[in-house]
Structures are given as C-alpha cells and as structure tokens.
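One letter stands for each residue in the lines below.
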Amino acid sequence: MKRMKVIFIILLAFICVLVFNAIKKKASSRRLADKIHHTTKEQQTAYAEKAGEMIRCRTVSKEGAFDKTEFEKLNKVMEEMFPHIHQKAEKLIFGDDCWIYKIEGKDTERNIMVMSHHDVVSGEGEWKYPAFCGEIHDGALWGRGAVDTKTPLFAEFQAVEELLSEGFVPECNLYIGSSHNEEIGGDGIPLAVEYFNKNNITFEAVLDEGGAIIDPPLAGMKCKCAMMAVHEKGRRRIICTANEGTSHAGLSGNTNTPVARMSAFISEVNSKNIFIRRLYPQVKAMFEDLCPYTPFFMQILFANLWCFGGLLKNVIPKINAQAGAMLGTSCTFFEIKGTYEENQCTAKATFRCVDDKDLEKDLEKIKEIAKKYGVEITDGEYNEYHAPADMNSPAFKYVKNCVAEIFPDVAVASYILPAGTDGRHLSELCNCVVRFAPIEMNSQQFASVHSENENISLEAIGNAVVFYKHYIKNYK
C-alpha cells in the first residue's frame, strides 16, 4: 500500500511538473493582438501597380544561357521607379546582372543587408490570368514572381526609396542585394561574396527570402505564423558505381550484374532507417516558439521536450514530411544509368544535411552498405555546408521584435529551411543570416510558388513595405 502511495505521489508530481512548464511557457510568451492595417487601399493599389511593372519583365533564368533583354528592361524599370536610390547608392554588378547597392551610413565600419533575387522560373501551365501579366485581380497582384520574389524585392526598394526621400541616413552601411540567377543556383551572389571577402566586408545582419507568414502550421492553432528560417540544409553529391562482376556479363547470374547490385544497394539505403535523427537546436526553438499558441495537449509536449523529445522525433516524419526533413539527412538517388558494353551501372545521390558532422557519420553507413554490393562511392560535383544563424545574437532578437511589432497578430517561430537560398553564401560573413520575407500568404498562394497562379494580396504588399521601412529605420 505504501509503495502504491509513493508511486502515486511521484506520478502526480511528474504531471504537475509537465503542466507547470506548459503554463509557465504560455504565461511568459508574447500575447497576440489584433491585426494592424498599416496601409490604405489607395497605397496598396499604388504599390501593387509598381510591383506589377517588375513582374511584367520576364526575367527567367536558364541553365547555360543568359538573355539580357528582359533583365535590361527590369534595370530600366528600377531606375525609373526608385530615383533616390539610384542617385545616392553605389551600385555594383556581379556576373551578368547580380545587383549590390550600397547606401553609406553614419557608421561606415558596420554593415547590414536586405536581399532577394529578381530572376524567376518559367511561367508554364494553365493560369487564371497570364503568367507575366502583373495585373490586379480579386484583391491580389498576379504573375510569376509575385511571391518568389519580386514582391519582397519591390518592398525592400520601396522602403529605402521612401526613407531616402525623407532625408534618412541609416545608422550603418545598408546594402541591398539581388541575384539574377538564384533559381538555378548561379554565380551572382557567390561573386559578390568574393568581393566582400577581398574587401574585408562583413555584416551584422542579413535578411533574405525563405520564410514568410503562413497559415497555421499545426492542427489546432488559430493564428498565422511568421516562419523565420535560421538555417538551411547543406548539400553534398556522391557518385555510385557498380562495375562488372567476376563472370562475363552474358554468363553472370542476374543477381550479380551491376544493375542488379546497384538496385539492391539503392533499395537497402531507401528502406532502412540509417540516417541520424535529432531535435536540433533550431527545431527545438521552433516547437518552443509555437508552443504557447497550440492546443493545451501540444503545449504539454512542446514545453517538455526533455521528456517528449524522443517521441516527437519518431512521430514527426510520419505526420509531416517537410517537418521530418528538419530532423536530419535526406537522400535522393537519380541519373541511374547502365551500359551493356562496359557492363557498368552508375547513379548519383544528393544528400541534404542539417549538420555536416552527422552527414559524415551517415555516409559511413552508406559506404558500409555499398561494400556489400560491390558499389564504389566517390565524391560528386559539390560539398556545401553553411553554419546556422546565432539565435542569441542581438540582430536575431531585433528582427523577431520587428516582426512582432508590425504583425502583432501572428506567432513568430524559427525553423530549418529544406530548400536553398542565396543567403547561405553570406553565412561566412555574417552570424545572423535570417531567411524571412515579410509577406503574408494563404495556402493557395504558398502552393503557387514555382507553380501556376502565383499571386499575393495587395495588403501583404503594403505590409511588406512597412516592415522593411521599420526594420531599416530603427536598426541601431
């Protein structure tokens, strides 16, 4: 009886700790407020019409080719729409058309950057309105680039243009960066980084695209959420080769051919849970940030990751593939080729990793499996990893505060971006590269990125201008 009583007391104390942590987390969190409508309908329409001019420039980037016609057209549009910037800023061009604008600040030894890209993917598919119309319909601006990323780029320029017209001088040097070939992983921003390195230019803060304000990311949440990517997955390519076996190709059993062995190797890698899975600091921060705005049972889980972290690590990939990708390395095989003449089979594999040290351990497991099937592993075209943002830095706390002030009705959460941005190249020059474009999207608009019917609401355009203006004007 005493033993049961002790167990009951321990269990009750345990439950009390879980509940207390959840209540404490909610009590210490930012309380959401009513949405602020920062701009008038007239302002929103005026902004959208200007952004539409940019969308009508068909700046599609293509591998191995650069057609300057539409890019030159966009440059002329930018000069006409933003005269104060082009009068006061130093403009540098890298590669074919990567822009770096510098507005000198009061303290010329310090630097910050806001950036985006002005190239877009093609506009194929069936659209409700023409892909490059840049027109206003149904309370939104339509066209390729409306989300990715001519609206954020417009908002950056418009914010700086308005500030300069008011006689504003930034506290430190302000850079605006925009690449012409981000969509194809091009050389624009990397060439700019070479220039920065050569001239010993570093940055206190870099704000790029990558995150946005989206519909509630978890079931039961009532509020929208500003998702701020503080890290993006690294990438590594390997080449897998299976050569002929000990017998002649025509005499070998079908289980010993290069194609059969490569197939068995790929199948085992894909079927086994061989990759390290962790709740990385950025993922923990995401759950802790979202915690106060979730249903109470989720608050219990997210406020007590010390207890439920293992459970979440196993459950998340089964619930949401995108969230699962934030827990570790992912692998994709492609370009699988077999040649009868050489009796050889090759395949390429791309790895996306959260942590480069974990990736090395993952690759050791891959190589062990490869040995079983006589598959040789060699390095491919690239091996790229960039450090995450310092979530304790003043610059990171500042951008979170800016989001909360301009968008008081939304939660703010960190996360890991599975895709790639130009911002990753700046990580070596800045310990606070945050991938967040201050545009609010619904689920259809989110899905329209790189797809049909890309559009953004007029109010979202106006709010983006207000955000960048606030961010730049108050940066100290």
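Description of the structure in this document. (Residues numbered from 1 in each chain as written. Predicted model: local features only at pLDDT ≥ 70, side-chain atom pairs only at ≥ 80, totals over all residues. Heavy atoms only, no water.)

1. Section: the overall build of the protein
Applied cut-off: In this description a helix means any DSSP run of H or I spanning at least four residues, a strand means any run of E spanning at least two, and both kinds are numbered starting from the N terminus. Only C-alpha atoms enter the radius of gyration; for comparison, a globular chain is expected to reach 2.2 Å times N to the power 0.38, where N is the number of residues. Exposure categories follow from relative accessible area, calculated using a 1.4 Å probe and restricted to protein chains: below 20% of the type maximum is buried, above 50% is exposed, and the middle band is partly exposed. Residue contacts are counted whenever heavy atoms from the two residues lie within 4.5 Å of one another. Per-residue and other accessible areas were derived by the Shrake-Rupley procedure at a 1.4 Å probe size, with only the shown protein chains allowed to occlude residues.
In terms of helices and strands, the protein carries 15 helices and 16 strands. Whereas a compact globule of 476 residues would reach a radius of gyration of roughly 23 Å, the protein reaches 25 Å, a difference of no more than 12%. Expressed as lengths along the three principal axes of its C-alpha atoms, the size of the protein is roughly 80 × 75 × 50 Å. Split into buried and exposed, the 476 residues of the protein put 52% on the buried side. Contacts in the protein between residues at least 24 apart in sequence constitute 80% of all its contacts with a sequence separation of at least 6. When the accessible surface of the protein is split by element, carbon and sulfur atoms take 54% of a total near 22100 Å².

2. A few points about the packing of aromatic side chains
Test applied: Under the pairing criterion, centres of Phe, Tyr and Trp rings, with the six-membered ring standing for Trp, must be within 6.5 Å; the plane angle then separates stacked pairs below 30 degrees from edge-to-face pairs above 60, leaving the rest tilted.
Going through the model one piece at a time under the given rule, you end up with 24 aromatic pairs. Seen from their ring centres, phenylalanine 196 and phenylalanine 203 are 5.1 Å apart, and the 80° between their planes marks the pair as edge-to-face. The pair phenylalanine 196 / phenylalanine 203 is uniform in exposure class, with both members buried. Plain terms: the ring middles of phenylalanine 467 and tyrosine 471 are 6.2 Å apart, the flat faces sit at 15° to each other, and that makes the pair stacked. Residue phenylalanine 467 and its partner tyrosine 471 are both found in helix H15 (residues 458–473); the two are separated by four residues, about one turn of the helix. For phenylalanine 467, a relative accessible area of 0% translates into the label buried. Of the residues examined, tyrosine 471 reaches a relative accessible area of 1% and is grouped as buried.

3. Some thoughts on the state of the cysteines
Definition in use: The disulfide criterion is simple: two cysteine sulfur atoms within 2.5 Å.
Applying the stated criterion across every chain, the model contains zero disulfides. Cysteine 307 carries a free sulfur, and the closest cysteine sulfur to it, the one in cysteine 291, is 14 Å from it. Residue cysteine 307 is classed as partly exposed on the basis of its relative accessible area of 29%.

4. Some points on the pattern of salt bridges
Threshold: The term salt bridge refers to a pairing of a side-chain nitrogen on Lys or Arg with a carboxyl oxygen on Asp or Glu at a separation within 4 Å.
For the structure on display, the rule yields 26 salt bridges. Note that lysine 400 and aspartate 289 form a salt bridge whose closest N and O atoms lie 3.7 Å from each other. Of this pair, lysine 400 sits in helix H13 (residues 394–406) while aspartate 289 sits in helix H8 (residues 281–290), and the two are 111 residues apart along the sequence. Taking relative accessible area as the criterion, lysine 400 reaches 23% and is therefore assigned partly exposed. Using a relative accessible area of 17% as the deciding quantity, one classes aspartate 289 as buried. Within this structure, Lys35, Asp215, Lys224, Glu440 and Glu459 form a network of salt bridges that share partners.

5. Here's the deal with the side chain of aspartate 97
Put simply, the rule is: Asp and Glu are treated as the negative residues and Lys and Arg as the positive ones, with His and the ends of the chain left uncounted. What qualifies as a polar contact is a pair of N or O atoms within 3.5 Å, subject to a donor-acceptor requirement within protein and to the restriction that residues adjacent in sequence count only when both atoms come from side chains.
Its place among the elements puts aspartate 97 in the loop between strand E1 (90–94) and strand E2 (98–103). For the buried aspartate 97, no salt bridge is present, and the opposite-charge side chain at shortest range is lysine 91, 5.7 Å distant. A polar side-chain atom of aspartate 97 sits 3.1 Å from a polar atom in the side chain of asparagine 75. Polar side-chain contacts of aspartate 97 include one of 3.2 Å to the side chain of tryptophan 99. The residues touching aspartate 97, leaving out its near neighbours within four places in the chain, are Phe66, Phe71, Asn75, His118, Ser178 and His180.

6. Describing the sheet that holds strand E4 (residues 135–137)
The criterion, for reference: Being paired, for any two strands, means DSSP has found at least two bridges between them. Geometry is summarised by axes, namely lines fitted to C-alpha atoms with helices restricted to the contacting stretch, and by angles between N-to-C directions that run from 0 to 180 degrees.
Strand order in the open sheet made by the three strands is E4-E5-E16, with antiparallel pairing throughout. Strand pairing shows two members of the sheet lacking a second neighbour, E4 and strand E16 (455–457), which therefore form its edges. Across the sheet, the axes of successive neighbouring strands diverge by a mean angle of 30°, strand direction being ignored. Here strand E5 (residues 140–142) runs beside E16; their pairing, made up of three bridges, is antiparallel. Counterpart to tryptophan 142 in the pairing with E16 is asparagine 455. Packing of helix H2 (residues 41–55) onto the sheet brings it into contact with E4 and E5, and relative to E5 it is tilted by some 10°.

7. Focus on the pairing of strand E6 (residues 172–179)
Every other side chain in a regular strand lies on the same face of the sheet, so the side chains alternate between the two faces. Among the eight residues that make up E6, eight are buried, leaving the element largely enclosed by the rest of the structure. As judged from the five bridges shared by E2 and E6, these two strands associate in the antiparallel manner. Across the sheet, tryptophan 99 pairs through a bridge with serine 178, a residue of E6. Strand direction decides the pairing type here: strand E3 (residues 107–117) and E6, joined by eight bridges, are parallel. If you follow serine 116 over to E6, its bridge partner there is serine 178.

8. Comments concerning the sheet that holds strand E11 (residues 330–339)
Spatial ordering of the open sheet is given by E11-E12-E10-E13, a layout of four strands whose pairing is antiparallel. Strands at the two margins of the open sheet, each flanked by one partner only, are E11 and strand E13 (375–384). Taken pair by pair, the neighbouring strands of this sheet meet at an average axis angle of 20°, ignoring direction. Across nine bridges, the pairing between strand E10 (residues 234–242) and strand E12 (residues 344–353) is antiparallel. Paired with isoleucine 239 across the two strands is lysine 348, which belongs to E12. Set on the sheet, helix H7 (residues 258–271) makes contact with E10, E11, E12 and E13; between it and E12 the angle comes to about 20°. Seen against the sheet, helix H12 (residues 356–372) touches E10, E12 and E13 and runs at an angle of roughly 155° to E12.

The values are spatial; any link to function lies outside them.
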